[in-house]
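A closer look at the structure
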Amino acid sequence: MSLTFQEAKLLETEVTQASATPNWKRSLDITICLIAIPLLLPLMAMISVAIKILSPGPIHFAQTRVGKNGKTFTCLKFRSMKLDADTGVHEEYVKNLIKSPDKPMVKMDNNGDSRLIPGFGFLRATGLDELPQLFNVLRGEMSIVGPRPCMVSEAVEYESWHRERLRTLPGLTGLWQVSGKNHTTFDEMMRLDIRYVHEKTLWMDLWIIAKTIPALVIQVLETKTAPSDSEPETSTENSTVAA
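Model, not experiment: these values are computed from the prediction. Residue positions are given per chain, counted from 1 along the sequence in the order it is written. Under the rules for a predicted model, residues below a pLDDT of 70 receive no local features and side-chain atom pairs below 80 are neither given nor counted, while totals for whole chains, interfaces and linings still include all residues. The side-chain numbers reported here are obtained from all heavy atoms of the structure, hydrogens and water having been left aside.

Moving on, we come to the pattern of salt bridges. A side-chain nitrogen of Lys or Arg and a carboxyl oxygen of Asp or Glu constitute a salt bridge if their distance falls within 4 Å. Tallying each qualifying case throughout the model produces seven salt bridges. We note a salt bridge from Arg-148 to Glu-130, for which the minimum N-O separation is 3.5 Å. Taken together, the residues span a long stretch of sequence, with Arg-148 in the loop between β3 (143-145) and β4 (150-151) and Glu-130 in the loop between α4 (121-126) and α5 (133-138) at a distance of 18 residues. Categorising residues by exposure relies on relative accessible area from a 1.4 Å probe, with only protein chains included: less than 20% of the type maximum marks a residue as buried, more than 50% marks it as exposed, and the intermediate range marks it as partly exposed. Given a relative accessible area of 3%, Arg-148 falls into the buried group. Take Glu-130: its relative accessible area is 8%, and that puts it in the buried class. In this structure, Arg-139 engages Glu-141 in a salt bridge whose closest nitrogen and oxygen atoms are separated by 3.1 Å. Given a relative accessible area of 48%, Arg-139 falls into the partly exposed group. Since its relative accessible area comes to 22%, Glu-141 is described here as partly exposed. Secondary structure counts use DSSP, requiring at least four H or I residues in a row for a helix and at least two E residues in a row for a strand, with both numbered from the N terminus.

Moving on, we get to the nonpolar core. Among buried residues, the Ala, Val, Leu, Ile, Met, Phe, Trp, Tyr and Cys ones that are joined through side-chain atoms within 4.5 Å form a nonpolar core. Ranked by internal contacts, the top residues of the largest apolar core, which has 42 residues, are Phe-78, Leu-134, Ile-144, Phe-186 and Ile-208. Looking at this core, the element that brings in the most residues is helix α2 (residues 23-54), giving six residues. Any two residues whose heavy atoms approach within 4.5 Å are treated as being in contact. The residues touching Ile-208, leaving out its near neighbours within four places in the chain, are Val-145, Thr-173, Gly-174, Leu-175, Val-178 and Tyr-196.

Here we take up a nonpolar patch on the surface. Patch membership needs two things, relative accessible area over 30% and no salt bridge, and members are linked within 9 Å if like-charged or within 5 Å if nonpolar (Val, Leu, Ile, Met, Phe, Trp, Tyr). Accessibility throughout is a Shrake-Rupley quantity obtained with a 1.4 Å probe, and a residue counts as covered only by protein chains that appear here. Together, Ile-30, Leu-34, Leu-41, Phe-135 and Leu-138 line one region of the surface with nonpolar side chains, adding up to about 410 Å² of accessible area. Looking at the nonpolar patch, the elements with two or more residues in it are α2 and α5. Among the elements that make up the nonpolar patch, the one with the highest residue count is α2 (three residues). Take Leu-34: it is sitting in helix α2.

Note on aromatic pairs: the rings of Phe, Tyr and Trp (six-membered ring only in Trp) are paired at centre separations within 6.5 Å, and the planes decide the class, stacked below 30 degrees, edge-to-face beyond 60, tilted for the rest. One pass over the structure, following the stated rule, counts one aromatic pair. For the pair Tyr-158 and Phe-186, a centre-to-centre distance of 6.3 Å together with 50° between the ring planes defines the contact as tilted. Within this pair, whereas Tyr-158 is found in the loop between α6 (152-155) and β5 (171-173), its partner Phe-186 is found in helix α7 (residues 186-199), the two being separated by 28 residues in sequence.

As a further point, take the environment of Leu-202. Within the secondary structure, Leu-202 sits in helix α8 (residues 202-225). By relative accessible area, which is 30% here, Leu-202 ends up partly exposed. Placed 174 residues apart in sequence, Leu-202 and Leu-28 show a C-alpha to C-alpha distance of 8.3 Å. Look past the residues within four positions of Leu-202 in its chain and what remains in contact with it is Trp-24 and Leu-28.

Buried residues dominate strand β1 (residues 60-66), accounting for five of its seven residues. Pairing between strands is defined by DSSP: at least two bridges between them are needed. Between β1 and strand β2 (residues 72-78), which pair antiparallel one after the other, the connecting turn spans five residues, and Asn-69 there sits at a positive phi close to 60°. Direction of pairing for β1 relative to β4: antiparallel, over a ladder of two bridges. Bridging from a neighbouring strand, Arg-65 pairs with Met-151 of β4.

Counted at 1.5 Å a residue, the expected span for α7 with its 14 residues is 20 Å, and the 20 Å between its end C-alpha atoms agrees. Taken together, the buried positions of α7 are occupied by Phe-186, Asp-187, Met-189, Met-190, Leu-192, Asp-193, Ile-194, Tyr-196 and Val-197. Multiplying 1.5 Å by the residue count of a helix minus one yields the expected span of that helix.

Take a look at the structure:
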């Protein structure tokens, strides 16, 4: 899904032009990618083989997301859903969260989803499906730390103050992810993202990176202990809210 001309103009006029990405941030991103990608290649190869064996179709899921200053890019991830899984339901779910800012942002697939590739709920809960985004970071479209990249359909629903989060590169992890994530509301996520936009430093990035794995462990444990409903909740490939 691409931005229409009207949508692009809306983002262009409402997102304040941000300063260039700090040199320290780009240096940190490249350093981490050059270390992490070779180390993680065997794991990424195993995930790729598992997808091919368990589900017909492409290995990767590519989706247009909104990046810094409203510029769109193709965001990569491992495909964790069966081929042709519906994405429209999740877009509606995100829109409802925006209109109900006091509702906690629980992942839609916490209670399971029949459209997930068998065994891939763990992949989503741990964020391993997002490993291909390291290549988005290398290309300069994302950063290791920053707000999660949102869908186009989400960005056009933003209020003016929400668009402040688009003044920095989107990231693999961020202040929201290590600050309770699924226990926060949409507005709380926005405030955490905007706080990062204005306060980001090298030390804050390093602190967030250090907090990411413990936060993921807590998230996985919460997913395992979440009560199961008789009807699995509908889900799609991750968006900002679900990622």
